Amino acid sequence: MQKNTTNELVARRFKVMGQHSPIFYEQPLHLIRGEGVWLYDKQGRQYLDVYNNVPHVGHCHPHVVEALYKQASQLNIHSRYLNDNVVTYLERLTATFDKSLSMAMLTCTGSEANELALRMARYATGAQGVIVTDFAYHGNTESVAEIGTGFMPEAKRTKRVKAFSIPDSYRGLAGVEHEDLAEAYGAQVQQAIDEFEEQGIKVAAILVCPDFANEGLLTVPKGFLEKAVAKVRKAGGLFIADEVQAGFARTGKHMWAHQAYDVIPDIVTLGKPMGNGHPLAGVVARPDLVESFSAQAMYFNTFSSTPVSSAVGMAVLDVLTNENLQENAVSTERYVLNGLKRLQGKFDLIGDVRSLGMFFALELVLDQKTKQPAIYQAKRLINIMREKGVLISTIGVNDSILKLRPPMPFNEAHADLLLDTLAASFEQLNREGH
Ligand code: PMP
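For clarity, every value in this text was computed on a predicted model and none was experimentally measured.

A look at the packing of helix 11 (residues 375-387) against helix 12 (residues 412-431)
With their axes 9 Å apart at the nearest point, helix 11 and helix 12 run at an angle of 125° to one another. Here helix 11 lies oblique to helix 12, going by the angle between them. Crossing of helix 11 against helix 12: the hand is right-handed. On helix 12, the residues touching Gln377, Arg380, Leu381, Ile384, Met385 and Glu387 of helix 11 are Leu418, Thr421, Leu422, Ser425, Phe426, Gln428 and Leu429. Of the residues assigned to the contact of helix 11 with helix 12, the class counts are 7 nonpolar, 4 polar and 2 charged.

And the structure:
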C-alpha cells in the first residue's frame, strides 16, 4: 500500500516535472523527515545520511530553525533598507577570511554567486577568458554553464573558455613522473593563457573549487594551484575560489578550503551549507573589486541579503562554533580514513582512498595497475548501500568514485555504521559476481 504511494508519486513527478529531472537511486527515496545525520522515509525507515552537505550542521537543526522562525515572524525585507542582521552577518562572515577579503555580496544560489564573481572579474580586468578544469561544474546560469566543461562536449565550448586536465595525483598524466605533475598541469594552464592570447582574448580568471570536489576530491599535486594562479595573475587575470561545496569548515583543518594553499583568492564564492538548506549564497572579495563593480553595475538581488537569510546564516556560524564541528571534522576524518584504508586492504575494487575533513572519496577500479574505472560497481554499490540504509553517491569523470560527504555532526558511532555497511555491501557485490 505504502510502496504504491511512493510509486504513484514517482509517476506523478515524471508527469509534472518531466522524465529527465534527476532523481537518486533505482528505488527512489520518499523522504518525509530529517534530524541531525538521519533521514526518515514514508515507510518510517531510518537512513544514515552520508551524502548531504547542505544540511551542514545537521538536518533541521533546532537553533537554525528557531532563528529562521523568530526572524520570519518579526520582519523580512529586501536589502534597500537598513537592517542590523545583514550587516552583522557579513561582518562575522568576512572576519573568517584573510584581511584582504573584507567585502561580501549575498545571492540565493551558488550559481548566482559564480555568475556575480565572473561579472566582477570581467569588469575589473576588462578581459573575457576563463580557465577551468576539464571536468568542471560551477552552476546553472548561462555564463556559468558556459564554463561547465563536465557536462558539455568539448566541441561546444565557447571561445571564452579553456580547460586544463583535472590535477589528479592518483592517475597523473601519461609520460610524466609523479614529482613533475605540478609543473606539467601548470604548463597546461600556461598553454590555455597562450591560446587565448593567440585568439586575441585576455584572461579574466581561473575559477576552481579548491577541493576539486566534483572532479573527484582529487589529491592535488603539491604546488600546482600556486603555480597556476601565479601564471594567471601574470597575464592579468584573477583567482576565483569556488567554495560552494568546500567551505564552512568542511575540510576540518580550515574554515575555507583555499586556506590549505599558499595563495589567497581575489574572489571566493559560497553557497550550499551557508544556510543549512535555506537559499543563502554569496561572494566574498577584495573591496576594490566590489566597489569598482558596484559603481559600474547596479547589483540587486530581491531575495538575498534579507534579515531572515542573515539570521539563518548567523545561526549556522553559531552551531559550527558551539558544537565544535570543525574539530569534529578533524577527529572523525582520522577515524573514518583508518576504517576506509582497512577496507582498501580487503577489497581489490578500491584503488584509492582520499579525504579532506568530513569528505571522503573511494576511487573504484577494475584493475589496480590499469586503474580502469569500475563504473557499474560504483553504481551498484550506492544502490546496495541505500537498501541497507546508508546514503552515499558518486563523483568524478566516470562516476566511479564513491562520494561520502555527511552533515558535519557525523561522529565515530555513525562512522562505524558506515564502515560496517560498506564492508557488507562490497561483500554482497562480490557474491553477485562483480
Ligand atoms: N559550485 C559548485 C562547486 C557546486 O558543486 C555547485 C552545485 N553542485 C554549484 C557551484 C552551484 O550551486 P547551486 O546549485 O546552489 O546553484
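Moving on from the coordinates now.
A closer look at the sheet that holds strand 1 (residues 31-35)
Taken together, 4 strands build an open sheet; the order of strands is 1-2-3-13 and the sheet is mixed. The strands lining the two open edges of the sheet, one partner per strand, are strand 1 and strand 13 (390-391). Summarising the sheet, strand 3 (residues 46-49) and strand 13 pair through 2 bridges and their orientation is parallel. Looking at the pairing, Asp49 lines up with Leu391 of strand 13.

What to know about the site of the ligand
Neighbouring residues of the ligand: Thr109, Gly110, Ser111, Asn114, Tyr137, His138, Gly139, Asn214, Asp242, Val244, Gln245 and Lys272. Backbone polar atom of Gly110 to an oxygen atom of the ligand: 2.9 Å apart, as the coordinates give it. In this structure, an oxygen atom belonging to the ligand sits 3.2 Å away from a side-chain N or O atom of Asn214. Contact with the protein chains removes 84% of the 390 Å² of surface that the ligand exposes when unbound. Sort the elements by how many residues they give to the shell around the ligand and helix 4 (residues 110-125) lands first, with 3 residues. Partitioning the shell around the ligand into residue classes produces 2 nonpolar, 8 polar and 2 charged.

Procedures and definitions
Residues numbered from 1 in each chain as written. Predicted model: local features only at pLDDT ≥ 70, side-chain atom pairs only at ≥ 80, totals over all residues. Heavy atoms only, no water. Axes fitted to C-alpha atoms, helices over the stretch in contact; angles between N-to-C directions. Helix = DSSP H or I, 4+ residues; strand = E, 2+ residues; numbered from the N terminus. Parallel < 35°, antiparallel > 145°, perpendicular 65-115°, else oblique. Left-handed = near helix turned anticlockwise from the far one by under 90°. Contact = heavy atoms within 4.5 Å. Nonpolar A, V, L, I, M, F, W, Y, C, P; charged D, E, K, R; others polar. Pairing = 2+ DSSP bridges. Near = heavy atom within 4 Å. Polar contact = N/O pair within 3.5 Å; in protein donor to acceptor, adjacent residues only side chain to side chain. Areas by Shrake-Rupley, 256 points an atom, 1.4 Å probe, with all protein chains shown as cover.

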